[in-house]
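Letter by letter, the chains look like this.
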Amino acid sequence: MAFELPQLPYANDALEPHIDAKTMEIHHGKHHNGYTTKLNGALEGSGLESDTIESVLENLDMNNGALRNNGGGYYNHCLFWEVMSPNGGGTPSGALAQAVDAAYGSFEDFKTTFSNAAATQFGSGWAWLCVLQGGKVEVCSSANQDNPLMPGIGCGGIPILGLDVWEHAYYLNYQNKRPAYINAFFNVINWEKVSELYEQNK
Ligand code: MN3
């Protein structure tokens, strides 16, 4: 069973003005579609075709560049679309809010830590909020299409929020102003979905 490009859970223009329609169209329709096709190609004949994407990434041979880049690219973007919403923004509530406060002191301090992780990731990569066993949350970042499910990237747990800081994610609208894009992302974060992922994985 080959992996399929998921539908966006909203229209291309739904996240405007924070993320523009043209960026969404190319990012989902070209970039994510490309990772999906190449992931299926990399899995062909590997014996892993019926594994979940999580299992493929957790058991990854990090020297397998095609599987690392495209498996990561497939998974990371699936999560990215889900954790944004036109009705997003605001702050988390419930157990997730408590975990964020326990780890960072306040939502504002979490936002600063996450934004710094995203801004200082050199070149292409992702910033993450992950849940560890027992329910603690932790911010980290990773290069290229790596993610915390992969072995030995120095960043662990299960991702419940991810921010794509590749230039293809923001350059049309924000050019080199990555911090402005990071700030805008906070207006579209779907905290209900992030909370759901927290509850499922804590
Ligand atoms: Mn991307």
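Residue positions are given per chain, counting from 1 as you read along its sequence in written order. With pLDDT at 70 or above as the cut-off, local features in this predicted model cover only qualifying residues; side-chain atom pairs require 80 or more to be listed or tallied, and sums for whole chains, interfaces and linings still use all residues. Computation of side-chain values covers all heavy atoms of the structure but excludes hydrogens and water.

Here we look at the coordination of the manganese ion
Next, step 1: Listed donor atoms are N, O and S within 2.8 Å of the metal (Na, K and Ca: 3.2 Å). As water is not included, a site may look incomplete. Only His-27 (NE2), His-77 (NE2), Asp-164 (OD) and His-168 (NE2) from the protein coordinate the manganese ion, and they sit 1.9 to 2.1 Å from it.
Next, step 2: Sequence positions of the donors to the manganese ion reduce to the motif H-x49-H-x86-D-x3-H. An identical accessibility class is assigned to Asp-164 and His-168; each is buried. Each residue gets one of three labels from its accessible area relative to the maximum for its type: buried under 20%, exposed over 50%, partly exposed in between, using a 1.4 Å probe on protein chains only.

Let's talk about the sheet that holds strand 2 (residues 137-143)
Next, step 1: One open sheet holds the three strands; their spatial order is 2-1-3, and the pairing between them is antiparallel. If you trace the sheet from one side to the other, it starts and ends with strand 2 and strand 3 (158-164), each paired once. Averaged over neighbouring strand pairs, the angle between their axes works out to 25° when direction is ignored.
Next, step 2: As judged from the seven bridges shared by strand 1 (residues 125-131) and strand 2, these two strands associate in the antiparallel manner. Across the sheet, Cys-130 pairs through a bridge with Glu-138, a residue of strand 2.
Next, step 3: Here, residues are in contact when the closest pair of their heavy atoms is within 4.5 Å. All axes are obtained by fitting lines to C-alpha atoms, using only the stretch in contact for helices, and the reported angles, taken between N-to-C directions, cover 0 to 180 degrees. Only runs of H or I of at least four residues qualify as helices and only runs of E of at least two qualify as strands under DSSP, and these elements are numbered from the N terminus. Docked against the sheet, helix 4 (residues 94-104) engages strand 2 and strand 3, running at close to 75° with respect to strand 2. In this scheme, strands are said to pair when DSSP sees at least two bridges between them.

Looking at the pairing of strand 1
Next, step 1: Counting buried positions along strand 1 yields seven of seven residues, so the element is predominantly enclosed.
Next, step 2: The turn linking strand 1 back onto strand 2 is made up of five residues, and Gly-134 within it adopts a positive phi angle of 100°.
Next, step 3: When strand 1 meets strand 3, the two strands line up antiparallel, connected through six bridges. Its bridge partner lying in strand 3, Trp-126 is registered against Asp-164.

Brief notes about the nonpolar core
Next, step 1: Side-chain atoms within 4.5 Å link the members of a nonpolar core, which is a set of buried Ala, Val, Leu, Ile, Met, Phe, Trp, Tyr and Cys residues. Ranked by size, the top nonpolar core spans 49 residues in total, and within it Phe-110, Leu-161, Leu-163 and Tyr-181 carry the most contacts.
Next, step 2: Top element by residues in this core is strand 1. It accounts for six residues.
Next, step 3: Excluding residues within four positions of it along the chain, Leu-161 makes contact with Leu-79, Val-83, Phe-110, Phe-114, Ala-127, Trp-128, Leu-129, Phe-185, Ile-189, Trp-191 and Val-194.
Next, step 4: Counting 14 residues, the second largest nonpolar core, distinct from the first, contains Leu-57, Leu-60, Met-62 and Met-150.

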